[in-house]
Amino acid sequence: MPATPGTHATAPAPGRAGATSVGGITPGAVWRRSRGVLVCLGILLAGAVVLAALGSGSRHGRLDPRSADPDGSRAVAELLQARGVTTRVVTSAREAAAAAGPGTTLLVTDPDRLGATQRRAIRSAIDLSGGRTVLLAPGSTSLPDLAPAARAKGDAFDEDLDPGCALPAAVTAGRATTGGGLRYTAPAAAAACYPSGGHPTLLVLPSGTTGGDTVLLGSETLLLNKELASEGNASLALQLLGSRPDLVWYLPSLSEVQDEDPGQEKGFLELIPRGWGWALLQLFVAAALAALWRARRLGPLVTEKLPVAIRASETTEGRARLYRKAGARDRAATVLRAAARERLAALVGVPPTRAHEPAALLPAVSARLTDGRTADGHTDGRQDPTALLFGTTPADDAALVALADHLDALEREVRTS
């Protein structure tokens, strides 16, 4: 396909195409390249919001008697309700101490997380209520305040243990999952059950008030929904928590949790729940993989300073040769016509934004043409402006050259009219 240097219709067109592929990236190109990543991020964000919304009303947390999750404790709460025991959930030590009494069982799910003020409130309830207090896995942090007669003695590696004592609740339940947590040293007045390595994982200590006692349970596993049906866990849980008609289930809130250094404020990352940290990490990994995928396939063009200056005519001829080698008559004709329409629109006063609309451009061009005569005075060489500016693809190279000539003649006539 021959180049057509020297004509007004061909020189600017290749230059315009070069600016599109080598020059600055247009906003449309940026959107086309980044929309895949943005769509993926939008889907991930929408999924996270939907999951959070769906789970916010039904998921409460570990050892929560309202939760039906594997790590919740709704099953034991429903079994207790069937036996006439009412369960009340509280989230502060003040509420727990106020609700404790002779007819209540106070269950503290995480004693080691309580601050000094909360531990004093629970200790007061133990000494004065006359009821039962069950402490789940108390360690060296809370034992001196809540049960000073006992000491933690390391971990119990065996999970399922035999009673090994005469306590009626343990004898009735038989083998249970009381291991896997802490063991304790047993005072002389305590009932020590489910030993592991010579040290019990379940202690029942008498309190200072007649009829009251304190239960130390080294592992909370037997209260979880997923483990309640194993071994004698259900029987032991019902007897430990159902000895009184009312059960106060104390789940410490965030405000109740003890800070390691009360004088030091926590940072932003420390306040993010653990599950959200993993979710953010997954989103970051997904975004990084998407960015690598897109960058590898559709990286931006890099503009480099050329060692020598190349004339516009050489660029035009080079692009024309490429069009000819590829047989791209359709692309060449499109570029020629688009450049001609833009120049004609400027000559006849049509806005640039409407230069490629036949309804706006053709009437203005036709009005500038003379009656049946071309610019060189001939009457039989004029082509229809509609076919020239918005026609079909030329059938061969000769037709393409003729198209370039006719476009050039049309522009000369409009310019000189």
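Everything below is about the structure printed above this text.
Residues numbered from 1 in each chain as written. Predicted model: local features only at pLDDT ≥ 70, side-chain atom pairs only at ≥ 80, totals over all residues. Heavy atoms only, no water.

Draft legend 1. Main features of helix H13 (residues 358–368). Every buried residue belonging to H13 is among Ala360, Leu361, Leu362 and Val365, and all of these are buried. The inward-facing, buried residues of H13 contact helix H12 (329–348), helix H14 (385–390) and helix H15 (397–416). (Buried < 20%, exposed > 50% of the residue type's maximum accessible area, 1.4 Å probe, protein only. Helix = DSSP H or I, 4+ residues; strand = E, 2+ residues; numbered from the N terminus. Contact = heavy atoms within 4.5 Å.)

Draft legend 2. View of the pairing of strand S9 (residues 199–206). In terms of residue burial, S9 counts as a mostly covered element, since six of its eight residues are buried. Bridging between strand S8 (residues 191–196) and S9 involves five bridges; their strand directions are antiparallel. Note on S9: the bridge partner recorded for Cys193 is Leu202. The loop that links S8 with its antiparallel partner S9 comprises two residues; one of these, Gly197, has a positive phi angle of about 65°. Two elements, S9 and strand S10 (residues 213–217), share five bridges in a ladder whose sense is antiparallel. The residue bridging Val204 from the neighbouring strand is Val215, located in S10. Between S9 and S10, which pair antiparallel in sequence order, lie six residues; one of them, Gly211, sits at a positive phi of approximately 90°. (Pairing = 2+ DSSP bridges.)

Draft legend 3. Structural view of the sheet that holds S10. The strand order S1-S11-S2-S3-S10-S9-S8 describes an open sheet built from seven strands, whose pairing is mixed. Strand pairing shows two members of the sheet lacking a second neighbour, strand S1 (86–90) and S8, which therefore form its edges. Geometrically, the sheet is characterised by an average inter-axis angle of 15° between neighbouring strands, direction not taken into account. Seen against the sheet, helix H5 (residues 116–128) touches strand S2 (104–108), strand S3 (132–136), S10 and strand S11 (246–250) and runs at an angle of roughly 155° to S2. Sitting on the sheet, helix H8 (residues 233–241) is in contact with S2, S3, S8, S9, S10 and S11, with an inclination near 135° to S3. (Axes fitted to C-alpha atoms, helices over the stretch in contact; angles between N-to-C directions.)

Draft legend 4. Representation of the environment of Arg74 in the model. Assignment of secondary structure puts Arg74 in helix H3 (residues 74–82). Residue Arg74 is classed as partly exposed on the basis of its relative accessible area of 38%. Spatially, the C-alpha atom of Arg74 lies 6.9 Å from that of Asp64, the residues being 10 residues apart in sequence. In this view, Arg74 contacts Asp64, Pro65, Arg66, Ser67, Ala68 and Asn225; residues no more than four positions away in its chain are not counted.

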